[in-house]
Amino acid sequence: MSNKMWGGRFVSGPDAIMEEINASIGFDYKFASQDIRGSLAHVAMLAEQGIIEREAAAAITKGLEQVRHEIEAGTFTFSRALEDIHMNVESRLADIVGPDAGRLHTARSRNDQVALDFRLWVRDTIDTLDEQLRELQKALAERALDHAGSVMPGFTHLQSAQPVTFGHHLMAYVEMLGRDRGRFGDARRRLNECPLGSAALAGTSFPINREMTAKALGFDRPTANSLDSVSDRDFVLETLSAAAISAVHLSRFAEEIVLWSTPQFGFANLSDKFTTGSSIMPQKRNPDAAELVRGKTGRVIGALTGLLIVMKGLPLAYSKDMQEDKEGTFDALQSLSLCVAAMTGMVRDLVPDLKKMKAAAGSGYAIATDLADWLVRALNMPFRDAHHVTGRLVAMAADRKIALEKLSLADMQSVDQRITAEVHDVLGVDKSVKSRVSYGGTAPANVRTQARAWLKKIAREEAGTK
């Protein structure tokens, strides 16, 4: 038996294997809400333009609302034989309203229909991710404000470099997430054009009003080229690119949480909420939530790579290859959403060990740069000379197995006799971080200013969404 939705061109049904490879309802059912929104806008436009009778449009609208209710209630039966969400909805609509259901597909194709549904779904998902990322920024900024003066080691090459504050470290991720939100916002602005009315690839001869449907669905304008409208997946690629970058940021932070929670670092602990135990080692507390955030990043990056490969060789316009654009995207963006939620929970749950952090901040002669800077300021020494003098003093302290600030004035003057007792005014991790007052530096006053500025910005954004 042929698929009744295809019309008379086919006289027999598909092979079982063909049905298996062709059907997309197993994943594109996620478009149900968007598909019905698009159909409601389309039928309203058809009636307004006199393309279909208002009575038929009213029956179709009522039928679509019933289909939506059935799907939301979980009573709708999805059929693989009907391939996709579009045909499943239309078939059920025909059961409800009869032959008039066939008028809904006037002046559109599944090609522009799926392009519309996907744009709506991606746009909705971006809005959700933006809210989640903002909440994570808020959690980070609140913790940063609490720990603006809590000293910890700053690293380069994972070696102690210079002391920073825990609050400053957390604010670095607030900035990263701000750029992530900016990239998602840019993607949203570019995707916000409506492809509905492009039909299969060439537009339609019916006197449709594409501006009307675009406005009804919250788009800025209709898309300008029908070929591009049905074959473009830039909006997915750009969103996945933003998602991949954001996932990398989360993964970097997750890796730090994994390191911090080891006995070797001992900088912070997670509670039972975000850790698991071992089936054989009773002492273990594993940071599995952080590890899974780190691991799921590969899925997000993989989805971007996979879709780029699908799209790279496709001629205009639509090809069935493009059905492979959805599963990876669904998985990637839902994985990212879960990771953001997990990271927000971990940020709020994390308990830093401030004593261990501060002790570690002073190891590895991390205040050496402060000594070199003092030599430049106080003695008008060229920085390269100051670097050399400081290096000799670090070597002396290392040879004696003492901290740099424990060297006596006589010890320091044995390297350069111009050094005075005032040098000890700059040596020490607390003095170091307080001195970093340049814009963007780790001075506690800077951190408080930046954290408060972000929290005010976030509060304004939250007020604007309520």
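Structure: see above.
Residues numbered from 1 in each chain as written. Predicted model: local features only at pLDDT ≥ 70, side-chain atom pairs only at ≥ 80, totals over all residues. Heavy atoms only, no water.

Participant: Is there a simple way to explain the nonpolar core in this structure?
Facilitator: As a rule of thumb, nonpolar side chains are buried together in soluble globular proteins. Within the largest apolar cluster, 93 residues are counted, with the highest numbers of intra-cluster contacts made by Leu-140, Leu-250, Phe-253, Met-343 and Met-346. For this core, the element with the most residues is helix α10 (residues 234–260), which contributes 14 residues. Setting aside its immediate chain neighbours within four residues, Met-346 contacts Ile-257, Leu-270, Phe-274, Ala-289, Ala-290 and Val-293. Core analysis: the second largest hydrophobic core is formed by 26 residues, Ala-372, Leu-379, Met-381 and Ala-386 among them. (Core = buried A, V, L, I, M, F, W, Y, C linked by side-chain atoms within 4.5 Å. Buried < 20%, exposed > 50% of the residue type's maximum accessible area, 1.4 Å probe, protein only. Helix = DSSP H or I, 4+ residues; strand = E, 2+ residues; numbered from the N terminus. Contact = heavy atoms within 4.5 Å.)

Participant: It is not clear to me how the packing of aromatic side chains should be interpreted in this structure. Could you clarify?
Facilitator: Applying the stated rule across the entire model yields twelve aromatic pairs. Where Phe-253 meets Trp-260, the ring centres are 6.2 Å apart and the plane angle is 75°; that geometry is what we call edge-to-face. Take Phe-253 and Trp-260: they sit in the same class, and that class is buried. Arranged with centres 5.3 Å apart and planes meeting at 80°, the rings of Phe-265 and Phe-267 form a pair that is edge-to-face. With relative accessibility at 4%, the residue Phe-267 sits in the buried group. Connected via pairs of aromatic rings, a cluster forms that spans Phe-31, Phe-118, Trp-121, Phe-235 and Phe-330. Its end group placed over the ring of Phe-330, Lys-30 keeps NZ or CZ at 5.9 Å from the ring centre. The positively charged end of Arg-123 is found above the aromatic ring belonging to Phe-219, 4.6 Å away from the centroid. (Phe/Tyr/Trp six-rings, centres within 6.5 Å; stacked < 30°, edge-to-face > 60°. Lys NZ or Arg CZ within 6 Å of the ring centre and 35° of its normal.)

Participant: For this particular structure, what's the right way to read a positive patch on the surface?
Facilitator: On the surface, Arg-448, Arg-452, Lys-456 and Arg-460 cluster together into a patch of positive charge. Note that Arg-460 resides in helix α18 (residues 444–465). For Arg-460, a relative accessible area of 58% corresponds to the exposed category. (Patch = residues over 30% accessible without salt bridge, like charges linked within 9 Å, V, L, I, M, F, W, Y side chains within 5 Å. Areas by Shrake-Rupley, 256 points an atom, 1.4 Å probe, with all protein chains shown as cover. Salt bridge = Lys/Arg side-chain N within 4 Å of Asp/Glu carboxyl O. Lys, Arg positive; Asp, Glu negative; His and termini not counted. Charge placed at Lys NZ, Arg CZ, Asp CG, Glu CD.)

Participant: Help me understand the side chain of Glu-462 in this model?
Facilitator: Among the structural elements, Glu-462 can be located in helix α18. For Glu-462, a relative accessible area of 15% corresponds to the buried category. When neighbours within four sequence positions are excluded, Glu-462 is seen to be in contact with Arg-134, Glu-135 and Lys-138.

Participant: Explain the pairing of strand β1 (residues 151–156) to me, please; I cannot follow it from the model alone.
Facilitator: Along any regular strand, the residues point their side chains to alternate faces of the sheet. In the sheet, β1 pairs with strand β2 (residues 159–165) via six bridges, with the strands oriented antiparallel. If you follow Val-151 over to β2, its bridge partner there is Thr-165. Turn length for the β1-β2 hairpin, with the two strands adjacent in sequence and antiparallel, is two residues, and the turn residue His-157 shows positive phi of about 60°. (Pairing = 2+ DSSP bridges.)

Participant: How should a nonpolar patch on the surface be read in this particular structure?
Facilitator: Taken together, the side chains of Leu-201, Leu-227 and Leu-316 present a nonpolar region at the surface, about 260 Å² in accessible area. Relative to the helices and strands, Leu-316 resides in the loop between α11 (288–311) and α12 (326–349). A relative accessible area of 62% places Leu-316 in the exposed class.

Participant: I tried to follow the side chain of Thr-275 on my own but got confused; where do I start?
Facilitator: Among the structural elements, Thr-275 can be located in the loop between β5 (268–269) and α11. A relative accessible area of 14% places Thr-275 in the buried class. Here Ser-271 takes part through its backbone oxygen, which lies 2.9 Å from a polar atom of the side chain of Thr-275. Not counting the four nearest positions on each side in its chain, Thr-275 is found in contact with Leu-270, Arg-285, Asn-286 and Pro-287. (Polar contact = N/O pair within 3.5 Å; in protein donor to acceptor, adjacent residues only side chain to side chain.)

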